[in-house]
Amino acid sequence: MTFEDGVALKCYKLSYETDEAVFDDWALHIRKHYVEDDELTDDSVATGLSIEDYLREYIIPQRQETFGPTARSNDISEILFADLFEFVLNYEVPRCKQYNRSGKNESEHGTDIIAYKFHSKEKTPAKEDELIAIEVKARLSSKEICKTIQEAATDSKKDEHRVAHTLNYYRKKLRNMGKFDESNCVERFQKKTESPYKISYVGAAISSQPEIENKVIAGIKGNDLQLKVNQSIFYVHGADLMNLAHQIFERCTK
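Bear in mind the structure is a predicted one, so any value in this text is a computation, not a measurement.

### Overview of the pairing of strand β7 (residues 231-237)
The side chains of a regular strand alternate between both faces of the sheet.
Consideration 1: Burial runs high along β7: six of the seven residues are buried.
Consideration 2: In the sheet, strand β2 (residues 10-13) pairs with β7 via four bridges, with the strands oriented parallel. Along β7, the bridge assignment pairs C11 with Y235.
Consideration 3: In this sheet, β7 lies alongside strand β5 (residues 198-207) in parallel orientation, the contact comprising seven bridges. The residue of β7 that forms the bridge with V202 is S232.

Here's what the structure looks like:
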């Protein structure tokens, strides 16, 4: 896939069919980003609410709430890109951003997604290790492409200044979650001066465009984005993605 001036980008189509079992599994995968099973049981007992009511009240963004649809759109988009980098591109991706946040409709500040890959199986520091900082822009209720990609590219450049703070935040949060091995992996990437590694930045855009004609993103030139050498664009598209998000999130409280 290319922009209209031939500059390449990574493009993926999210193709899906309504399958009850698959959607239930998908909803469980998403819900576990917010709260694990054992903790959920304890929280339900502590509040005197059923698990379903506790999830609706405190954890899962709801469609009828003021910022609920936006939170759903942002969260599922970040999780989709995290899944892409982990399960398709074989990076390790910490899953802690949605966990135990101050408000169920409030996203944390900083880099949206951190993905990394160690050169050595033993995960000893090497200059070939890779860190990717990913900034996600989502318009699941729109077919708009160009503005979404432009915003993702622009905000991705800001990650050069906030990635260090995000790494420190993730290291501490993962440790508090009991994920000590992942916390130690993230800590490795806080030591760039001591142990250099490769770092790159991704502007990740997603919108509800069913098809891309002729494999060209029309209306935008790649050179106009002024991408840096270590910066790239990923775009995910599919039909009616906001409706898909609502279908999945409605199952997250069951």
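After that view, the rundown keeps rolling.
### Notes on the pattern of salt bridges
Consideration 1: One pass over the full model with this rule turns up 23 salt bridges.
Consideration 2: In this structure, D37 and R31 form a salt bridge, with 2.7 Å as the shortest nitrogen-oxygen distance.
Consideration 3: The class for D37 is partly exposed, based on a relative accessible area of 37%.
Consideration 4: Looking at R31, the relative accessible area reads 8%, which means it is buried.
Consideration 5: The partner of R72 in a salt bridge is E250, with the nearest N and O atoms 2.8 Å apart. Placement of the pair is R72 in helix α4 (residues 68-88) and E250 in helix α7 (residues 241-250), with a sequence separation of 178 residues.
Consideration 6: Salt bridges here are not isolated pairs; linked through shared partners, they connect E135, K137, D155, K158, D159 and R162.

### Here we look at the nonpolar core
Consideration 1: In terms of nonpolar packing, the biggest core is built from 38 residues, with I30, I76, F81, F85, I134 and I248 touching the most fellow members.
Consideration 2: Of all elements in the fold, only α1 (20-34), α3 (51-59), α4, β3 (113-117), β4 (130-139), β5, β7 and α7 reach the threshold of two or more residues within this core.
Consideration 3: At seven residues, α4 tops the list of elements feeding residues into this core.
Consideration 4: Contacts of I30, omitting those with residues within four sequence positions, involve I76, I79, I248, F249 and C252.
Consideration 5: In terms of nonpolar packing, the next biggest core, distinct from the first, is built from 15 residues, C96, C185, F189 and Y197 among them.

### Quick word on the packing of aromatic side chains
Consideration 1: According to the stated counting rule, one finds 10 aromatic pairs in the structure shown.
Consideration 2: For the ring pair Y54 and Y58, a centre distance of 5.2 Å and an interplane angle of 35 degrees mean the geometry is tilted. You can see Y54 and its partner Y58 sitting in helix α3, four residues apart, about one turn around the helix.
Consideration 3: Note on Y58: relative accessible area 46%, which makes it partly exposed.
Consideration 4: Seen from their ring centres, Y116 and F118 are 5.8 Å apart, and the 80 degrees between their planes marks the pair as edge-to-face.

### Re unusual backbone geometry
Consideration 1: Even without being a glycine, Q226 presents a positive backbone phi close to 55 degrees.
Consideration 2: Note on placement: Q226 falls in the loop between β6 (216-217) and β7.
Consideration 3: Given the relative accessible area of 62%, Q226 is considered exposed.
Consideration 4: Backbone geometry places D240, a non-glycine residue, at a positive phi of 50 degrees.
Consideration 5: Following the sequence through the fold, D240 ends up in the loop between β7 and α7.
Consideration 6: With relative accessibility at 45%, the residue D240 sits in the partly exposed group.

Analysis parameters
- Residues numbered from 1 in each chain as written.
- Predicted model: local features only at pLDDT ≥ 70, side-chain atom pairs only at ≥ 80, totals over all residues.
- Heavy atoms only, no water.
- Buried < 20%, exposed > 50% of the residue type's maximum accessible area, 1.4 Å probe, protein only.
- Helix = DSSP H or I, 4+ residues; strand = E, 2+ residues; numbered from the N terminus.
- Pairing = 2+ DSSP bridges.
- Salt bridge = Lys/Arg side-chain N within 4 Å of Asp/Glu carboxyl O.
- Core = buried A, V, L, I, M, F, W, Y, C linked by side-chain atoms within 4.5 Å.
- Contact = heavy atoms within 4.5 Å.
- Phe/Tyr/Trp six-rings, centres within 6.5 Å; stacked < 30°, edge-to-face > 60°.

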